[in-house]
Each structure stands twice: as C-alpha cells, then as structure tokens.
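For reference, the chains in residue letters:
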2 protein chains.
Amino acid sequence: MSRRYTLGLDYGTESARALLVDVESGEEVATDVMPYPHGVIDDRLPESGLKLEPEWALQDPEDYLLALRTLIPSVLQQASAKPEEVVGIGVDFTACTVVPTDEAYRPLSTLPQYRDRPHAWVKLWKHHAAQDEADRMTEIARERGAEFLRRYGGKLSSEWLWPKIWQVLNEDPEVYEAAARFIEAGDWVVQQLTGEDTRSACQAGYKGCWSADGGYPDANFLAALDPRMRDLVGTKVLPNVMPLGQKAGELNASGAELTGLKPGTPVAVSVIDAHVAAPASTMVRSGQLLMIMGTSLCHLALGTENREVVGVAGVVKDGILPSFYGLEAGQAAVGDIFAWFTRQGVPAYYTEEAATEGISVYHLLERRAAALKPGESGLLALDWWNGNRSPLMDASLSGLILGLTLDTKPEHVYRALIEATAFGTRLIVETMRRQGIPVDEALCCGGLAEKNELLMQIYADVLQMELKVARSSQTCALGSAMWGAVAAGAQGGGYDTIQDAAERMAGLQERTFRPNPGNREIYDALYEEYVKLEQYFGEGGNDVMRRLKSLKHS
Amino acid sequence: MSRRYTLGLDYGTESARALLVDVESGEEVATDVMPYPHGVIDDRLPESGLKLEPEWALQDPEDYLLALRTLIPSVLQQASAKPEEVVGIGVDFTACTVVPTDEAYRPLSTLPQYRDRPHAWVKLWKHHAAQDEADRMTEIARERGAEFLRRYGGKLSSEWLWPKIWQVLNEDPEVYEAAARFIEAGDWVVQQLTGEDTRSACQAGYKGCWSADGGYPDANFLAALDPRMRDLVGTKVLPNVMPLGQKAGELNASGAELTGLKPGTPVAVSVIDAHVAAPASTMVRSGQLLMIMGTSLCHLALGTENREVVGVAGVVKDGILPSFYGLEAGQAAVGDIFAWFTRQGVPAYYTEEAATEGISVYHLLERRAAALKPGESGLLALDWWNGNRSPLMDASLSGLILGLTLDTKPEHVYRALIEATAFGTRLIVETMRRQGIPVDEALCCGGLAEKNELLMQIYADVLQMELKVARSSQTCALGSAMWGAVAAGAQGGGYDTIQDAAERMAGLQERTFRPNPGNREIYDALYEEYVKLEQYFGEGGNDVMRRLKSLKHS
C-alpha cells in the first residue's frame, strides 16, 4: 500500500516553507524553504522605486505563488512522493496581511495601471501606518459601545483588517474603488488553489473583529467610520467565514497546475501562522498553555466559556481549535530585545572575544549569563522595548533597566533582559489564572524554545512549571499539514478531528526544562519587584514613559 | 630684577605633577608629570606578592618622594629658574590617603619588618575595605548624638580617617601599635619638606570629623569605638590643625636636598586636591559654585554662616578658603559613567566606524548625540551608577535607564547619561538654593569641562546658567602654587591673601557656555520627571535598588 502524505504550507514574514508529512506516523519526510524574492518592502516600491512613508511594510503577492510553484514540486521530488499520495493541503499565513484584488482575484499590484500605487500592494501584518485609523476606530467603537471591543481588551491594533482597509480609502480612494476584494493573504492563497473565497475564522476572529455569534462589525458601525464603507461586508469583504478544520475547497485546475498536485485534493481553511502551531505542539485541551517563542512571544490557551478575559489580546470562538474559545495573549518583543541588545549593546571586546573563540556573540553571552546566579546581576528590567501587549495593551510603554553600576557587564544585562521577559510571561499566566483560565501544562515551540537553553531554564524557574518543547522544529508547517489531513477527513485518508491528528502526528521532545526549587524564592522576590514596577509605570503610578514618547515625537 | 616663581605640587591618584608659576603674571612657565611607578596597589603587594582583599587600594610612599626628586629639578631646568627665585611651595593631595609612620616619620611600609604587612602601607582615598568600621562609627555617632555627624549629612564614609585607622587596629594590631603616627599623605609630604607635623584644616575637616570649634572627636567618643583608641588624638594623630594659607614651615636641610630648592623656602599647609582648584578657578566669594568635573563631580560653594545644609556632604569652616564655611557636595560618578558606557555598552560596529574615520569612540558618540534634540532620545536616566552622594548620601542606590525601545541607539543612551548627570547637578544646586546658599555664578574646571563641549552645553541648558571654565588646564597644581605664594606672603615675594593671588594668577577662558533658551522648557519638563524618579527610588517610594543590592550580595 502506498504512503499517505499531507502537505503543510507555512508563509512567514521573510520566507515560505513547505513540509510533507506522513499522515500515519507524523514523520516529516521532506521540507523546503524559499525566502521571498522581494522580502519585506518597507523602503521603496519595486520597479517604480517610489519611496514609502515610515511604518509601511508591503509584500509582493507574486512571491506567494512562486513559493507554491517551487516548494511543492521540491518536497514531492525529495520524498519521491506521487501527487495522488497527498491527501490534503493546509496553509498558514502571517496575519493580518491583506491583499487588494480585482473581481478575478488578481492582486491590484500586479495590474500595470496600479503597479506604482503603494496602496495596491499587499499590506504585511507589520505595516503600522494605519495607527490613526486604529485609534479613531477604537474611539468610535468605545463611543458606540461596540460589543466586539471587549474581546480585544478595549483596544484595536493598527495591524488589523479594518484600519488597513480604511487607510486605503483615506489615502488612495481610487485604489479602494478598484479593489473588488480585500482578503487575508492566507485566504487568498487558498482561493488561488481552489477558486473559493473563504475567510478563516481564526484570521477573521483575531484580526477582523468577527465573532461566531456577531459576525463582522455591522453596516452602521462601518458607515460611522466612513459612509463609503457601509456595504463593505458582502462586497469587498465576503462573510464566508469558516471554522478551522473545514475543507475550504478542492484543488481546481489552475491550482493543480500551480502545484503539480492532483485536482480535487482537499485544501483546509487557512490559519494564522502562530495559532497553527497549537495542534503541532500537542495542544488539544483547556489547561494547556502554548508559548510560541520567537522575536515576540505569543501565548495561546483554550477556554471553555465565552467570557471576557481582561489583559488578553483576543478571545475567539473556534479561533485555535474547534469548539474552544481560543485565547491569545502576547509580549510584543522577546527575541527582538535580545537581537537589539546584541546589535546595539554588546561591546567590541566581546565581539572580538567571540570571534577568537569561533563562537557567536549570543553563545558568549549565554555562557557567561548562565554562570550567574539569579539576582547576582543586581539588575531588574521591564521588557517593554516594543510596548506592552498583554496585559496592558499599551504601545506607548517602553523598556527600563534598573540596578546599573560601574561593575555591570554585558552578561548581567543580557540575563536581566531574559528574566524580564520571563516575568512578563509569568504576569500573563497569573492574569489568566486569576480570571479562571487554568494553566496546568506549559508547551513551547519556536526558535527560542529550540535554541536558548538558558532562557528556557529561567522561564521554568520563574514560572515554577516544567516546560515541554514541541518535537518538531517546524511546528507551523506541521500544524498546517495536520489541518490539511483534517480537511481530508478519515475517509479521505486523513483524520476526522484535529485531536486524532495530534495523537498520531504531533509530539514533544523527551527533554524538558524542570524548575530548580533552589531558585524559587529569589525569583518570587524579583517577580514581586517586577510587578511593583509594572504597576507603577504601567498602571498610572507614573506615566513618564508615555510623556517621554510624546516629547520624543513633539 | 629676577622673576619670582611659586611651585605647585599636585598629587593625584595615578600621578604627581609639578607646576612652576610666575607669581606676578600667573604665567605657567613649566610643568612635568610623573606617573607613580607603583600606581594604585589593589591586587598584590610589591615584592612579597601578597594578595590583597577586595576593595583594598594602597600606594607606595616612596613614589611621592621620587616625584619631589624628579619633578622639581625638571621644572626648574625647563624654566631656567634659580632655586632662590622660588618664593613658596604648595602641596595638594588626594584625601583621605593615610600614611602610618614611625616616630621619625618613616612610612612603616619602608621598614623591612613591616614590608609584607598590608596595613603598613599607605591607604589610598579609594581604599573601601573599612566599610564595616564606617557603618559602625556612624551608628555609634548617632547613638551618642555626636555633633559632628550633622556636618556630613548624617553618614560617615569608609574613605575617611577614623574608619581607616580603626581597620588597622581591628585587623593588624601590631602594625597599629607600631604606628607612631597616622598622617594624611599631603601633610606627610609637607613634613618631609619641613620637618613639621601640621594637619590641614581642609583634610581634617572634610575627612577627619574635625572642626574649628570642636576639634577632633573627643577621647570618650574614640574610646567608644575601641578603648585602645582613646588617646589617639595627641599621640598618633597630632592636633596641630592649621587653616589654609598658613605657612606650615620652611624647607629644612633634608627638604632642600630632596628638591634642590633653597632651605628656608616657605611651604603651605596642604590641601585636598579637589578643593585646591577653587582659587585657581577664581572662586573667592559666596554665590559662586565651582564644579570640578572629572570621573566624579565635586561641587564647592562658600557659605558665610555656620549652618547645617541637608544633602551636602561636608560643611567645613576654613575648609576651602579662610573665613568661609566651605560646602562640598558631589556626584559619585560622572566621567566614570561615560567611561563605563564606552567600555561596556558601545557596540562593535561603532568601534569599527570610529576606527575607519580615525576618531575615538567618544568623538563619534559625541557627534551623534550632539545632533539629537533634547527629548529626542526618548530616554531618561538616573545617574546613580556609583550610588548617590548628594543629596541622598546613599551608596546603595544604582543606575536606571527608562524609555528604551528597539530603535534606541548608542548615542541616545550616551546623551541620556549626560543629561542625567546634568539633572543630578541641578538637583544639588536647587538643594543648596532652597537652604539659602546662593548660587549666582557657575565656574567649572577638570577634564570634562575642558574637553566635552556637548556635556557643557547640556549642563548650561539644564542649569539655565552660563558656565565659565577656568583658564588653566591644571587648576589643582595652579591652586597649590597660589597657596604657596600666600604662605610666602607679600613680604616674602608672594601675596598676603588668596584673593590677592587669585586676582593676579587665576583666570577664566573667554569662551563660555550660555544656555539655549529654546531648550529651557523641555529640560524643565525632563528635570521634573527626573526629580519624580529620584524621589520614588531614592526617598522611600520604592526601595527596590537597595533590595536588589542585598540580593546581589546574598
């Protein structure tokens, strides 16, 4: 009997990845990665060379199709797999990444008449130029008592769908007019494969103010933003929202031609790249916390009741797994802080020493920081280099280091930065627990979980929890493959539920990080200090961080 | 008619300097510097190689004599000056730097039987190993309501005379027994030149708890420290304290032989190296503030009444100029913070860029920081890298940086550090003014005043005062030379008062730093934030810095 494979497509910020997985064993049989030829477009438009404003971040959707054409044949060939052996396809994507298209779903940026119009291009998730629109929309939602606001901690992000669309209307109404659709890039890739315009409940829920009960914001609300937006839902934004695990459609002729796979192959509804890691990290029940640890840190948990959770960035029914309320919290910068420090704060003599030893600066720092005892640095930091996402949802906050002396060395600062991010995670966990969201098991995935042992041990010590790490080092692509198998269903050679898929395809590493009981007391004491600073600077004791930011921009 | 010269000897931490000055014109005709061959001894004793404990800092008194033998002939020769043309000699020295000697004023460390006994060596001002003794002495002074305590802001320093002597008694009673004298190194150099044991009112007042009215701590107090110390004053510490400007004595035969100068040449009472800069910077009246700006920052002012000034480290009658109450305040680290940052915080790519341009990292930082507007960094710091000397007198405080983001660059931090030290100075000035000490003119000297234009401009802007810089770049040696001229008196070819000497010999640079009115508002706002943080972290709002230090040492 021939093998059965499922294909996961993972679209990240800088590159796309394909992963071919054995449905039965979960074995990852072949993978390939392609950096986007156009990368992140944040300086000038390709061809026209048009200069972009600050805070812009675009992409070229042709790169997404090139990934399909390149990566899928590559993994099939590596595995000597036949197209008919692929039972399903899943797609995850960064979000909210929005493609404006014409009626035929051709991205406007690919049409000659719009090629030099920045608003015709794909707005990447980290396009932050719609801050005014986000602020104004939050205000209007608050004035109107919009119910959806409370699901997002009372504040909407400039990264989300409506501010991004509204910015197009405000700044280039012609492009707005020309756009027959605004569609999440993940949903657009699914459309290119199947011909179907489906909208992922995960993306619509976390980024589009959609809920299973209430749908999208209604016409009156959208008209309050701008009367021209009144009928947006149903025209430019189709309300065909589907929960995860659904089959969005089947490969059509052009999709088959793009990929080299068989027409009729089931394609799953798309998923946000962070959330797709959940089943691949064995997250299937309430009580589990998943930490996706990379440049930022995303905390996912599953609730069983529809309730507001203060300090959590989003609560979306079916947003992570069907039939659960998916909770998402996060820290806006974690790995990014270490990268900043390594770039901007590590002195030349460390760089030289690392070079002499033939190791990276990270390794040198990690080794020296690991030799320190908790508290030995004498430092305490607030990890708000990119603001605070959870629990304060305040981008105007900033980072702090305290305890500096003439004897402070780079490894002291490095360790204090790691500890600060650990305290930030503990605060999120305690915020959840205090509101009745159980956290009894900690699952981890992502680059930091894979590579930074010191960080993992500090997190275990600070959280006083054993940390388990996903077995796969490509949990996103694996998660997508698992959703592909669920779209196929047991009858189609896959699985009927994501739990079934997780049981066979997902797993954890044997090695775990256990808390060192000897460090508990000191970390409890330091955490108490962290919370005291967090309250003082973050909750109204002293708004100096906000005032400094406004002085900075005045 | 032949010229008249006065000779200034300036003993710093790392080196000694001699300066020959024309009495009439103030022209600095010749100078020479000698780094101490034994430098600061803080690792191992010379010869025996005995390992020292942490916080120890010793010197070899032979280096001081070698400086006399080397530097004085050198400057005479450079100037083609004859010994009889030198009308007076002045000496300044770091303090409190203590020499234990035998009855003949031979340093114990030079005697073979004590050569390998660390306590027989000179304890340099920055020997910090007598902290226990200082703490205990403060406690006893408080319990006994000792009057002198209030002159030092309620706290005694481990750098001072009595803790240093007490440490000898506690740790090596034999050396204590063998010491016929404990004498400030400045006074010891004067003794070597003249044969007289005089004690400088400046050093006794700022470092020995002495006052013109009350003398040294009395026998009962010293007995409360240790009964064996009861009779210290009058035996090992002679009470022959003399105000500045007095002639301590005249060169005797051995002094003449040491220096190549004429027997009978007047030698002034010694002065602390910081305080001697005052007349050389034209400080002669109440209302003037002198800032001696180097690794740390020393603020001197002259009061006309005997009153307690809270937050000022020392108030000593005749301690700076005769007939004034000399006020000393300070910031424990200023240049040291920038040196720390340049060493520990400036990344490799800046070092490389500076090297490519052929400039120092300081210059690169200064240039970039100068291009920033006030507030543009978004950062605010507390300049407590070495604790806070004035106004809080709290070594357990530590540094803080706030406002950090992923966009923070090294020049942002550098500018924020400069601004923080400027705010620290403003706080000291406002603390003085609030207590009726006028500050209407700001005089500056020292390396930072000479070299760091950006810093000077920021200080002018933050203080909203014009800053004037001493003309001489060797204000300490010049000040000593001026005191030498006063020791000679007008009849002896010098001057009768230090004011007369200042009028002829001291001066200011033509260039001054004037406050930029456009920066006033923003610096007022930032200073307000600084004070708010200072109060919160320094005055009981949140003692986290102290707690972190005790965790660090636990």
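Residues numbered from 1 in each chain as written. Chains lettered and ligands numbered in written order. Predicted model: local features only at pLDDT ≥ 70, side-chain atom pairs only at ≥ 80, totals over all residues. Heavy atoms only, no water.

Asker: Can you walk me through the overall build of chain A in this structure?
Answerer: Check the secondary structure of chain A and you find 19 helices and 22 strands. For 554 residues, the compact-globule estimate of 2.2 N^0.38 gives 24 Å, and chain A sits close to it at 23 Å. Principal-axis analysis of the C-alpha atoms places the extent of chain A at approximately 65 × 60 × 50 Å. Looking at chain A residue by residue over its 554 residues, the buried ones come to 64%. Of the roughly 19500 Å² that chain A leaves accessible, carbon and sulfur atoms contribute 47%. Within chain A, one finds 52 positive and 76 negative side-chain charges whose respective centroids are separated by 2 Å. (Helix = DSSP H or I, 4+ residues; strand = E, 2+ residues; numbered from the N terminus. Rg over C-alpha atoms; globule rule 2.2 N^0.38 Å. Buried < 20%, exposed > 50% of the residue type's maximum accessible area, 1.4 Å probe, protein only. Areas by Shrake-Rupley, 256 points an atom, 1.4 Å probe, with all protein chains shown as cover. Lys, Arg positive; Asp, Glu negative; His and termini not counted. Charge placed at Lys NZ, Arg CZ, Asp CG, Glu CD.)

Asker: Where do I start with the confidence of the model for chain A in this structure?
Answerer: The predicted coordinates of low-pLDDT regions are not to be read in fine detail. Here chain A shows a mean pLDDT of 95. Residues at 70 or above account for 100%. Prediction confidence for the complex, expressed as pTM and ipTM, is 0.91 and 0.91 respectively. (pLDDT = per-residue confidence, 0-100.)

Asker: What is the right way to read the interface of chain A and chain B from this model?
Answerer: By a frequent convention, interface size equals the accessible area lost on bringing the separate parts together. Taken together, the 50 residues of chain A in the interface contact 50 residues of chain B. For the pair chain A and chain B, the summed buried area comes to about 4200 Å², and 61% of that belongs to carbon and sulfur atoms. Counting the surface chain A buries against chain B, the share from its top three residues, Gln344(A), Leu404(A) and Leu406(A), is 16%. Our enumeration of links across chain A and chain B arrives at 15 residue pairs in polar contact (both at pLDDT 80 or more). For the side of chain A that touches chain B, the elements supplying multiple residues, two or more each, are helix 10 (335–344), helix 11 (348–357), strand 19 (399–404), helix 18 (520–538) and helix 19 (544–552) of chain A. (Contact = heavy atoms within 4.5 Å. Buried area = accessible area lost by both parts, 1.4 Å probe. Polar contact = N/O pair within 3.5 Å; in protein donor to acceptor, adjacent residues only side chain to side chain.)

Asker: Please explain the packing of aromatic side chains as it appears in this structure.
Answerer: Given two aromatic rings, their pairing is described by the distance between the two centres and the angle made by the two planes. Enumeration according to the criterion identifies 37 aromatic pairs over all chains in this entry. With a centroid separation of 4.8 Å and an interplanar angle of 75°, the aromatic rings of Tyr536(B) and Phe537(B) are classed as edge-to-face. With respect to burial, Tyr536(B) and Phe537(B) carry one shared label: buried. One cation-aromatic arrangement involves Lys236(A) over Tyr176(A); the distance from NZ or CZ to the ring centre is 4.8 Å. We note Arg343(A) situated over the ring of Tyr349(B); from NZ or CZ to the ring centre the distance is 3.7 Å. (Phe/Tyr/Trp six-rings, centres within 6.5 Å; stacked < 30°, edge-to-face > 60°. Lys NZ or Arg CZ within 6 Å of the ring centre and 35° of its normal.)

Asker: Which parts of the structure should I look at to understand the sheet that holds strand 14 (residues 287–293) of chain B?
Answerer: Paired through backbone hydrogen bonds, the strands of a sheet run either parallel or antiparallel to each other. All names here are of chain B. What the seven strands build is an open sheet, ordered 16-17-15-14-20-21-22; its pairing is mixed. Each end of this open sheet is capped by a strand with a single partner; those strands are strand 16 (314–317) and strand 22 (508–513). Across the sheet, the axes of successive neighbouring strands diverge by a mean angle of 25°, strand direction being ignored. Summarising the sheet, strand 14 and strand 20 (residues 439–445) pair through six bridges and their orientation is parallel. (Pairing = 2+ DSSP bridges. Axes fitted to C-alpha atoms, helices over the stretch in contact; angles between N-to-C directions.)

Asker: Teacher, can you tell me more about unusual backbone geometry here?
Answerer: Most of the time, phi is negative for any residue but glycine, and the peptide bond is trans. Ala95(A) connects to Cys96(A) through a cis peptide bond whose omega is 0°. As for its placement among the helices and strands, Cys96(A) is situated in the loop between strand 5 (86–93) and strand 6 (98–101). That bond from Ser390(B) to Pro391(B) is cis: its omega, 5°, falls within 30 degrees of zero. Its place among the elements puts Pro391(B) in the loop between strand 18 (380–382) and strand 19 (399–404). Phi angles above zero are rare outside glycine, and Met393(B) is one such case at about 50°. Secondary-structure assignment places Met393(B) in the loop between strand 18 and strand 19.

Asker: Sorry if this is basic, but what is going on with the relation of the copies chain A and chain B here?
Answerer: Each of the two chain copies can be generated from the other by rotation about an axis followed by a shift along it. Superposition of chain A onto chain B requires a rotation of 180° combined with a translation of 0.0 Å along the rotation axis, giving an RMSD of 0.1 Å. Here the symmetry operator amounts to a two-fold rotation axis. Taken together, the interface assignments show that 100% of the residues at the interface of chain A recur at the interface of chain B, consistent with an identical surface on both copies. (Least-squares fit on C-alpha atoms with pLDDT ≥ 70 in both.)

Asker: Honestly, the sheet that holds strand 20 (residues 439–445) of chain A in this entry has me stumped. Any pointers?
Answerer: Residues and elements named next belong to chain A. With respect to topology, seven strands assemble into an open sheet ordered 16-17-15-14-20-21-22, the strand pairing being mixed. The open sheet has two edge strands with one neighbour each: strand 16 (314–317) and strand 22 (508–513). Strand-to-strand twist of the sheet, defined as the mean angle between neighbouring strand axes without regard to direction, takes the value 25°. Here five bridges tie strand 14 (residues 287–293) to strand 15 (residues 297–303), and the two strands are oriented antiparallel to one another. For Leu290, the partnering residue across the bridge sits in strand 15 and is Leu300. In this fold helix 13 (residues 410–434) packs onto strand 14, strand 15, strand 17 (325–331) and strand 20, with an angle of close to 150° to the strand it touches most, strand 17.

Asker: What exactly am I supposed to notice about the nonpolar core here?
Answerer: Across soluble globular proteins, nonpolar side chains have a tendency to be buried as a group. Counting residues in hydrophobic clusters, the biggest one holds 157 residues, and the most contacted among them are Phe537(A) and Phe537(B). The contact partners of Phe537(A), leaving out residues within four places of it in the chain, are Leu382(A), Trp384(A), Leu397(A), Leu400(A), Asn542(A), Val544(A), Met545(A), Leu402(B), Leu533(B) and Phe537(B). (Core = buried A, V, L, I, M, F, W, Y, C linked by side-chain atoms within 4.5 Å.)

Asker: Where do I start with the state of the cysteines in this structure?
Answerer: Throughout this description, disulfide means a covalent bond between two cysteine sulfur atoms. The tally for this structure, following the rule as stated, stands at zero disulfides over all chains. Free cysteine: Cys298(B), not disulfide-bonded; nearest cysteine sulfur from Cys445(B) at 8.9 Å. (Disulfide = S-S within 2.5 Å.)

Asker: How do you make sense of the pattern of salt bridges when you look at a structure like this?
Answerer: Two side chains that carry opposite charge are able to pair once their charged atoms sit near each other. For the structure on display, the rule yields 64 salt bridges over all chains. As a salt-bridge pair, Asp543(A) and Arg546(A) come within 2.4 Å of each other at their nearest N and O atoms. Across the pair Asp440(B) and Arg285(B) runs a salt bridge whose closest N-O atoms are separated by 3.0 Å. A residue pair is termed long-range when its members are at least 10 positions apart, and Asp440(B) in strand 20 and Arg285(B) in the loop between helix 9 (277–280) and strand 14 qualify at 155 residues. (Salt bridge = Lys/Arg side-chain N within 4 Å of Asp/Glu carboxyl O.)

Asker: Looking at this structure, how should I read the pairing of strand 3 (residues 28–35) of chain A?
Answerer: Consecutive side chains of a regular strand alternate in pointing toward one face of the sheet and then the other. Residues and elements named next belong to chain A. In this sheet, strand 3 lies alongside strand 2 (residues 15–22) in antiparallel orientation, the contact comprising seven bridges. The residue bridging Ala16 from the neighbouring strand is Met34, located in strand 3. The turn joining strand 2 and strand 3, which pair antiparallel and follow one another in sequence, is formed by five residues; a positive phi near 80° is taken by Gly26.

Asker: Honestly, a negative patch on the surface in this entry has me stumped. Any pointers?
Answerer: Negative charge collects at one region of the surface, where Glu53(A), Asp132(A), Asp135(A) and Glu171(A) lie side by side. Relative to the assigned elements, Asp132(A) resides in helix 2 (residues 131–143). (Patch = residues over 30% accessible without salt bridge, like charges linked within 9 Å, V, L, I, M, F, W, Y side chains within 5 Å.)

Asker: For this particular structure, what's the right way to read helix 18 (residues 520–538) of chain B?
Answerer: For an α-helix the count is 3.6 residues per turn, leaving residues at separations of three or four pointing the same way. Residue and element names in this part refer to chain B. Counted at 1.5 Å a residue, the expected span for helix 18 with its 19 residues is 27 Å, and the 25 Å between its end C-alpha atoms agrees. For helix 18, the set of buried residues is Ile522, Tyr523, Leu526, Tyr527, Glu529, Tyr530, Val531, Leu533, Glu534, Tyr536, Phe537 and Gly538. One or two steps after helix 18, the chain reaches Gly540, where phi turns positive at roughly 100°. (Expected span 1.5 Å × (residues − 1).)

Asker: Please clarify how helix 11 of chain A should be interpreted in this entry.
Answerer: When we look at burial in helix 11 of chain A, the residues that qualify are Ala348(A), Tyr349(A), Tyr350(A) and Ala354(A). In this structure, the buried side of helix 11 of chain A is in contact with helix 12 (361–370) and helix 13 of chain A together with helix 10 (335–344) and helix 11 (348–357) of chain B. Two residues or fewer past helix 11 of chain A, Gly358(A) is found with a positive phi of approximately 70°.

Asker: What exactly am I supposed to notice about the packing of helix 11 of chain A against helix 12 of chain A here?
Answerer: How two helices pack is summed up by the angle between their axes together with the distance between the axes. All names here are of chain A. Direction vectors running N to C along helix 11 and helix 12 enclose 100°, while the axes themselves pass 8 Å from each other. With respect to their mutual orientation, helix 11 and helix 12 come out roughly perpendicular. Contact with helix 11, carried on its side by Tyr350, Thr351, Glu353, Ala354 and Glu357, involves Val361, Leu364, Leu365, Arg367 and Arg368 of helix 12 and no other residues of that element. Here the contact of helix 11 with helix 12 is composed, by residue class, of five nonpolar, one polar and four charged. (Parallel < 35°, antiparallel > 145°, perpendicular 65-115°, else oblique. Nonpolar A, V, L, I, M, F, W, Y, C, P; charged D, E, K, R; others polar.)

Asker: In this structure, what is going on with the packing of helix 13 of chain A against helix 18 of chain A? I would like to understand it.
Answerer: All names here are of chain A. Where helix 13 contacts helix 18, the two axes come as close as 10 Å, and the packing angle between them is 75°. Classified by the angle between their axes, helix 13 and helix 18 sit roughly perpendicular to one another. Note on element contacts: helix 18 touches helix 13 through Tyr523, Asp524, Leu526, Tyr527, Tyr530, Val531 and Glu534, opposite Arg415, Glu419, Ala420, Phe423, Gly424, Arg426, Leu427 and Glu430. Residue composition of the contact of helix 13 with helix 18, grouped by class: eight nonpolar, one polar and six charged.

Asker: Mind showing me how you'd approach the pairing of strand 17 (residues 325–331) of chain B here?
Answerer: All names here are of chain B. With seven of seven residues buried, strand 17 is to be regarded as a mostly interior element. The alternating pattern of strand 17 places Tyr325, Leu327, Ala329 and Gln331 and Gly326, Glu328 and Gly330 on opposite faces, both of which are buried. Examined bridge by bridge, strand 15 (residues 297–303) and strand 17 share seven bridges and lie antiparallel to one another. Looking across to strand 17, one finds that Ala301 is bridged to Leu327.

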